[in-house]
Amino acid sequence: MPGKGRQGGFALGPGGDCVCPKCGYRTTHQRGTPCYSIKCPKCGENMTR
Ligand SMILES: [Zn+2]
């Protein structure tokens, strides 16, 4: 498969995903945008990591 070789792909860690603590929704963390400033599109809770 193309683009392989970055250990694992989806893993929690620096530059990973933001996760909603309430409903578990996760989204890709945007550089320069802290997770806690992003609101969950499902329940409106602030995202975290
Ligand atoms: Zn949520």
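See the structure printed just above.
Residues numbered from 1 in each chain as written. Predicted model: local features only at pLDDT ≥ 70, side-chain atom pairs only at ≥ 80, totals over all residues. Heavy atoms only, no water.

Q: I would appreciate a short explanation of the state of the cysteines in the present structure.
A: Think of a disulfide as a covalent bridge from one cysteine sulfur atom to another cysteine sulfur atom. Enumeration over the complete set of coordinates arrives at one disulfide. Put simply, Cys 18 and Cys 35 are joined by a disulfide, and their sulfur atoms are 2.0 Å apart. Its S-S torsion of about -75° marks the bond between Cys 18 and Cys 35 as left-handed, since a negative value means left-handed. Remark: Cys 35 occurs in the segment after strand S2 (26-28) and Cys 18 occurs in strand S1 (residues 17-19); sequence separation between them is 17 residues. Side by side, Cys 18 and Cys 35 carry an identical accessibility label, which is buried. (Disulfide = S-S within 2.5 Å. Helix = DSSP H or I, 4+ residues; strand = E, 2+ residues; numbered from the N terminus. Buried < 20%, exposed > 50% of the residue type's maximum accessible area, 1.4 Å probe, protein only.)

Q: Would you mind going over the coordination of the zinc ion with me for this structure?
A: Ideal geometry at a metal centre: 109.5 degrees between donors when four sit tetrahedrally, and 90 or 180 degrees when six sit octahedrally. The protein atoms that coordinate the zinc ion are Cys 20 (SG), Cys 23 (SG), Cys 40 (SG) and Cys 43 (SG), at distances spanning 2.3 Å. Of note is the zinc ion, whose four donor atoms meet at the metal with angles of 102 to 124° in an arrangement that counts as tetrahedral. Taken in chain order, the donor set of the zinc ion reads C-x2-C-x16-C-x2-C. Of this pair, Cys 20 sits in the loop between S1 and S2 while Cys 43 sits in the segment after S2, placing them 23 residues apart in sequence. The exposure class assigned to Cys 20 is buried, which follows from its relative accessible area of 2%. (Donors = N, O, S within 2.8 Å, 3.2 Å for Na, K, Ca; no water. Tetrahedral: all angles 85-135°; square planar, octahedral: opposite > 155°, others 65-115°.)

Q: Would you take a moment to explain the nonpolar core for this structure?
A: In summary, soluble globular proteins display a tendency toward joint burial of nonpolar side chains. Of all hydrophobic cores here, the largest spans six residues; its members are Cys 18, Cys 20, Cys 35, Ile 38, Cys 40 and Met 47. Not counting residues within four places of it along the chain, the set of residues in contact with Cys 40 comprises Cys 20, Cys 23, Tyr 25, Glu 45 and Met 47. (Core = buried A, V, L, I, M, F, W, Y, C linked by side-chain atoms within 4.5 Å. Contact = heavy atoms within 4.5 Å.)

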